[in-house]
Amino acid sequence: DQQVKQNSPSLSVQEGRISILNCDYTNSMFDYFLWYKKYPAEGPTFLISISSIKDKNEDGRFTVFLNKSAKHLSLHIVPSQPGDSAVYFCAASAVSGNTPLVFGKGTRLSVIA
Amino acid sequence: KAGVTQTPRYLIKTRGQQVTLSCSPISGHRSVSWYQQTPGQGLQFLFEYFSETQRNKGNFPGRFSGRQFSNSRSEMNVSTLELGDSALYLCASSPTSGVQTYEQYFGPGTRLTVT
């Protein structure tokens, strides 16, 4: 049973526009969420995180929104740049339970110039 | 500061053989986690070591094992290889405590092909 779901395997966006990547989770014990970016032939790179006590966290062009009641989070990239083209993984954990990260299967973002 | 290093980067093995992969974490990081990445399943957690002790284990058969040394370097071993073990194996290290543990730094991975 997949506890973290990224239902869109791929997303294509024009340069300068907003990219919105979505993630849903089923485990109500999850209280910490992260996004990672992965380029080919490299390991994933930590991008941004959010704790369940917040509903929004910003870091430059990247903003993560958390809707706990819907068990949904999203990553917004504004404006999108060609260098943002990568696979994005959503991950979650129950920090209080010291559980390992559970990853989604990833969304491949292509930013077209 | 040097990043996480994994050796070897590529490996080809035959069914039934065993393999050992190595990971050197970022200096000062005491937590090392291992993941298996396949196209169909994404990143799946194998195990985590902290100060030479296994702290968490994923849902993988006993053929998958690991260990961590006193210098925080870690190895994982897969015995009796199966075709389905072909995957990218990623190692990640993280600082010692709290939510920082989850902001992991990944190595480039070892691509294992089982024929």
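For the structure itself, look to the data block above.
Residues numbered from 1 in each chain as written. Chains lettered and ligands numbered in written order. Predicted model: local features only at pLDDT ≥ 70, side-chain atom pairs only at ≥ 80, totals over all residues. Heavy atoms only, no water.

A. Summary view of the interface of chain B and chain A. Across the boundary between the two partners, chain B contributes 19 residues, which contact 21 residues of chain A. Here chain B and chain A share an interface that buries about 1600 Å² over both sides, 60% of which is from carbon and sulfur atoms. Here chain B is connected to chain A by 0 salt bridges. Our enumeration of links across chain B and chain A arrives at 3 residue pairs in polar contact (both at pLDDT 80 or more). For the side of chain B that touches chain A, the leading source of residues is strand E5 (residues 42–50) of chain B, giving 3 residues. (Contact = heavy atoms within 4.5 Å. Buried area = accessible area lost by both parts, 1.4 Å probe. Salt bridge = Lys/Arg side-chain N within 4 Å of Asp/Glu carboxyl O. Polar contact = N/O pair within 3.5 Å; in protein donor to acceptor, adjacent residues only side chain to side chain. Helix = DSSP H or I, 4+ residues; strand = E, 2+ residues; numbered from the N terminus.)

B. Representation of the sheet that holds strand E3 (residues 19–25) of chain A. Residues and elements named next belong to chain A. Here we have 5 strands laid out as an open sheet, ordered E1-E3-E8-E7-E6, and antiparallel in their pairing. The two strands at the open ends of the sheet, each matched to only one other strand, are strand E1 (4–5) and strand E6 (56–59). Examined bridge by bridge, strand E7 (residues 62–67) and strand E8 (residues 72–77) share 6 bridges and lie antiparallel to one another. In the strand pairing of E8, Phe 62 is matched with Ile 77. (Pairing = 2+ DSSP bridges.)

C. Spotlight on the packing of aromatic side chains. Counted under the stated rule, the structure contains 12 aromatic pairs over all chains. Between Phe 103 of chain A and Tyr 35 of chain B, the aromatic rings sit 5.3 Å apart at their centres with planes inclined by 85°, giving edge-to-face as the arrangement. Here Phe 103 of chain A is found in strand E10 (residues 102–103), whereas its partner Tyr 35 of chain B is found in strand E4 (residues 31–38) on a different chain. Under the relative-accessibility criterion, Tyr 35 of chain B is labelled buried at 0%. With 5.5 Å between their ring centres and 45° between their planes, Tyr 35 of chain B and Phe 106 of chain B make a pair best called tilted. Pair noted here: Tyr 35 of chain B is in strand E4 and Phe 106 of chain B is in strand E10 (residues 105–106), with a separation of 71 residues, a long-range link. (Phe/Tyr/Trp six-rings, centres within 6.5 Å; stacked < 30°, edge-to-face > 60°. Buried < 20%, exposed > 50% of the residue type's maximum accessible area, 1.4 Å probe, protein only.)

D. The state of the cysteines, seen in detail. Residue and element names in this part refer to chain A. If you walk through the whole model with that rule in mind, you get 2 disulfides over all chains. Disulfide partner of Cys 23: Cys 90, at an S-S distance of 2.0 Å. On the sign convention where negative means left-handed, the S-S torsion of about -75° between Cys 23 and Cys 90 marks this disulfide as left-handed. With Cys 23 in strand E3 and Cys 90 in strand E9 (residues 86–93), this residue pair connects regions lying 67 residues apart in the sequence. (Disulfide = S-S within 2.5 Å.)

E. Focus on the pairing of E3 of chain A. Residues and elements named next belong to chain A. Every second residue of E3 is oriented toward a common face, the buried set being Ser 19, Leu 21, Cys 23 and Tyr 25 and the non-buried set Ile 20, Asn 22 and Asp 24. For E1 and E3, the ladder comprises 2 bridges, and the chain directions are antiparallel. Pairing of Val 4 across the sheet is with Tyr 25, part of E3. Here E3 runs beside E8; their pairing, made up of 6 bridges, is antiparallel. Bridged to Asp 24 within E8 is His 72.

F. Summary view of the environment of Gly 60 of chain A. Turning to its location among the elements, Gly 60 of chain A is positioned in the loop between E6 and E7. Along the primary structure Gly 60 of chain A and Val 78 of chain A are separated by 18 residues, whereas in three dimensions their C-alpha atoms are 8.7 Å apart.

G. Looking closely at the side chain of Thr 110 of chain B. All names here are of chain B. Among the structural elements, Thr 110 can be located in strand E11 (residues 110–114). A polar contact is formed between the side chain of Thr 110 and the backbone oxygen of Pro 8, at a distance of 2.5 Å. If sequence neighbours within four positions are ignored, Thr 110 has contacts with Gln 6, Thr 7, Pro 8, Arg 9, Leu 21, Ala 87, Leu 88 and Tyr 89.

H. Main features of empty space enclosed by the protein. If you walk through the whole model with that rule in mind, you get 1 cavity of 30 Å³ or more. In this structure, the largest cavity spans a volume of roughly 70 Å³. Together, 13 residues line the largest cavity, and Thr 99 and Pro 100 of chain A together with Glu 48, Tyr 102 and Gln 104 of chain B are the ones closest to its centre. Looking at the lining of the largest cavity residue by residue, the class counts come to 5 nonpolar, 6 polar and 2 charged. (1 Å grid on protein atoms, 1.4 Å probe; cavity = no way out; pocket = protein on both sides within 12 Å on 5 of 7 lines; lining within 4 Å. Points joined across faces, edges and corners; volume = space filled by probe spheres on them. Nonpolar A, V, L, I, M, F, W, Y, C, P; charged D, E, K, R; others polar.)

Honestly, that's just the spatial picture; any functional story needs more than this.
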